[in-house]
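Fold and geometry: a report
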Amino acid sequence: ARILLGKFDLIYGNGANGRSLWAFWAAKLTGRPFIWHIHESVKRTSYVHGLQSADALIANSQDTAHCIRKLAPNTNPIIACTPTGSDNWISPFRIA
């Protein structure tokens, strides 16, 4: 409800969980961009639409990024990888 009523420039989802899916739908309903930060291997098909429709995806590892690509191959072509503890905050890479 806060997302629907608040004045936010963008919505950020943290992890592959139900709260992030709710945030995704709230972002779409309000016309705000949605950035999804995934920390785990995503295997549930219920996330496919959100992954394919997110305005940006951030993966914590190349393995996570590959799992996203395998589950939802039509996602945005660039996934940023931010390994935990990295000094290089965002290093975009492409996955063929």
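Here, every reference points to the structure presented above.
Okay, so let's go over this structure. These numbers come from a predicted model, not from an experiment.

Comments concerning the pairing of strand β2 (residues 34–38)
Summarising burial for β2: 4 of the 5 residues are buried, a large majority. As judged from the 4 bridges shared by strand β1 (residues 11–14) and β2, these two strands associate in the parallel manner. By the bridge assignment for β2, Gly 13 is matched with Trp 36. Note that the unit made of β1, helix α2 (residues 18–30) and β2 has a crossover that is right-handed. Here 4 bridges tie β2 to strand β3 (residues 56–59), and the two strands are oriented parallel to one another. Its bridge partner being in β3, Ile 35 is matched across the sheet by Ala 56. With helix α3 (residues 48–53) bridging β2 and the parallel β3, this β-α-β connection has right-handed handedness.

Examining the side chain of His 37
Its place among the elements puts His 37 in strand β2. Here Tyr 12 takes part through its side chain, which lies 2.7 Å from a polar atom of the side chain of His 37.

Rules used in this analysis
Residues numbered from 1 in each chain as written. Predicted model: local features only at pLDDT ≥ 70, side-chain atom pairs only at ≥ 80, totals over all residues. Heavy atoms only, no water. Buried < 20%, exposed > 50% of the residue type's maximum accessible area, 1.4 Å probe, protein only. Helix = DSSP H or I, 4+ residues; strand = E, 2+ residues; numbered from the N terminus. Pairing = 2+ DSSP bridges. Right-handed = clockwise from strand over helix to strand, strands pointing away. Polar contact = N/O pair within 3.5 Å; in protein donor to acceptor, adjacent residues only side chain to side chain.

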